[in-house]
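Single-letter residue listing:
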Amino acid sequence: MASETQKLDPARSARDLYGTELRRQRQLAGVSLDRLSDIVNYSKTQLHGVETAERLPLPPLSSKLDAAFGTGGLFEGLWSIIQRERYPDRYRRFMELADQATDIHEYAGHLVPGLLQTPAYARALLRVGDPEASGEEIERKVELRMGRQGRLGEGDGPYLWVVLEEAVLRRHVGGPATMREQLAALLAAAESPRVDVQVLPFTYGEHTLIAAPLTLLHLSDRRSFAYFESRYGGHLVEEQAEVKRHQRAYDLLRVNALSPHESATMIESAMEGFASCEHRTN
């Protein structure tokens, strides 16, 4: 574990500034890491990592720190800056809007959307996406992706509706054990009153959205946005007439997908297939 007196440079990054401010507020309050761990229900190791800028302050830590120290949104504001700093320019506008969304609709034709990925599944994708990245770089990206999922568990988090192609359930990512864990996580997520998961079976055939994943964001001020992403970049659609066209295409898939109950049955079947596959390889 790094020394608690590790040198931080607040001018270097928002992450360093967050760690510096956490250490300062903790020392002003005369609170040890052990005591703060009990207060915010966050492990001492994780808190130490945040304080030394070695870990990301994943939600809901920031709101808990603001409550513990009475800092009036300071840490939540710093977390927002960290997110903007971490994402490339072309994603920042989308991420900012996603943080404001009250409803998120996603169509995924090949992979589980990031908001529902497990760490192992995300790690496998990130490794193949950037073979030259170090293990530390991959873990930081995984940590960041998991951090985005924090809003789903918050009281004012968005409602998430996901339509997955059957191929998403059948594609081997990270091996059978990783896929079983991922599919189990999908089933668990679908039990939340804020999350719906539907599967579009192979038998449906071709459709308008088959070429690329789609995310639709709906905000409380009634603005809506559509976002397409590929390996080489993303495209945010803000023109409302075009957004409505993409929404209609999405709604058509949703009504032709299996019901949530039928989808859960298909996910369970896919899990059994990966369990059999894992058994044969052992």
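Attention in this report is confined to the structure presented alongside it.

Criteria and thresholds
- Residues numbered from 1 in each chain as written.
- Predicted model: local features only at pLDDT ≥ 70, side-chain atom pairs only at ≥ 80, totals over all residues.
- Heavy atoms only, no water.
- Phe/Tyr/Trp six-rings, centres within 6.5 Å; stacked < 30°, edge-to-face > 60°.
- Buried < 20%, exposed > 50% of the residue type's maximum accessible area, 1.4 Å probe, protein only.
- Helix = DSSP H or I, 4+ residues; strand = E, 2+ residues; numbered from the N terminus.
- Polar contact = N/O pair within 3.5 Å; in protein donor to acceptor, adjacent residues only side chain to side chain.
- Contact = heavy atoms within 4.5 Å.
- Axes fitted to C-alpha atoms, helices over the stretch in contact; angles between N-to-C directions.
- Nonpolar A, V, L, I, M, F, W, Y, C, P; charged D, E, K, R; others polar.
- Salt bridge = Lys/Arg side-chain N within 4 Å of Asp/Glu carboxyl O.
- Core = buried A, V, L, I, M, F, W, Y, C linked by side-chain atoms within 4.5 Å.

We now examine the packing of aromatic side chains. This model, assessed by the stated rule, comprises three aromatic pairs. On the numbers, 6.3 Å between centres and 45 degrees between planes, the contact of Phe 69 with Phe 75 is tilted. Each member of the pair, Phe 69 together with Phe 75, is buried. Note on Phe 94 and Tyr 227: the rings are 4.0 Å apart at their centroids and 10 degrees apart in plane angle, and the pair reads as stacked. Of this pair, Phe 94 sits in helix α6 (residues 89-100) while Tyr 227 is found in strand β5 (residues 224-230), placing the two residues 133 residues apart along the sequence.

Attention shifts here to the side chain of His 105. Within the secondary structure, His 105 is located in strand β1 (residues 101-108). Reaching out from His 105, the side chain makes a polar contact with the side chain of Gln 247 at a distance of 3.4 Å. Those residues in contact with His 105 that lie beyond four places of it in its chain are Trp 161, Leu 214, Thr 215, Leu 216, His 218, Gln 247, Tyr 250 and Arg 254.

Running from N to C, helix α1 (residues 14-29) and helix α3 (residues 44-51) cross one another at 120 degrees; their axes reach a closest spacing of 7 Å. On α3, the residues touching Tyr 18, Gly 19, Leu 22, Arg 23 and Arg 26 of α1 are Leu 47, Val 50 and Glu 51. Here the contact of α1 with α3 is built from residues that sort into four nonpolar, one polar and three charged.

What follows covers the pattern of salt bridges. Considering all chains together, one arrives at 13 salt bridges under this definition. With a shortest N-O distance of 3.6 Å, Asp 34 and Lys 44 are connected by a salt bridge. Residue Asp 34 is located in helix α2 (residues 33-40), and its partner Lys 44 is located in helix α3; the two are separated by ten residues in the primary sequence. For Asp 34, a relative accessible area of 45% puts it in the partly exposed group. The class for Lys 44 is partly exposed, based on a relative accessible area of 37%. Asp 221 is the salt-bridge partner of Arg 223, the closest N and O atoms lying 2.8 Å from each other. Using a relative accessible area of 43% as the deciding quantity, one classes Asp 221 as partly exposed.

Looking now at the nonpolar core. Core analysis: the biggest nonpolar cluster contains 38 residues, and Leu 116, Leu 169 and Leu 217 have the highest contact counts within it. Each residue touching Leu 217, except ones within four places of it in the same chain, is listed here: Phe 94, Leu 97, Ala 98, Ala 101, Asp 103, Ile 104, Arg 223, Ser 224 and Phe 225. Of all hydrophobic cores here, the second largest spans 20 residues; its members include Leu 22, Leu 36, Phe 69 and Leu 144.

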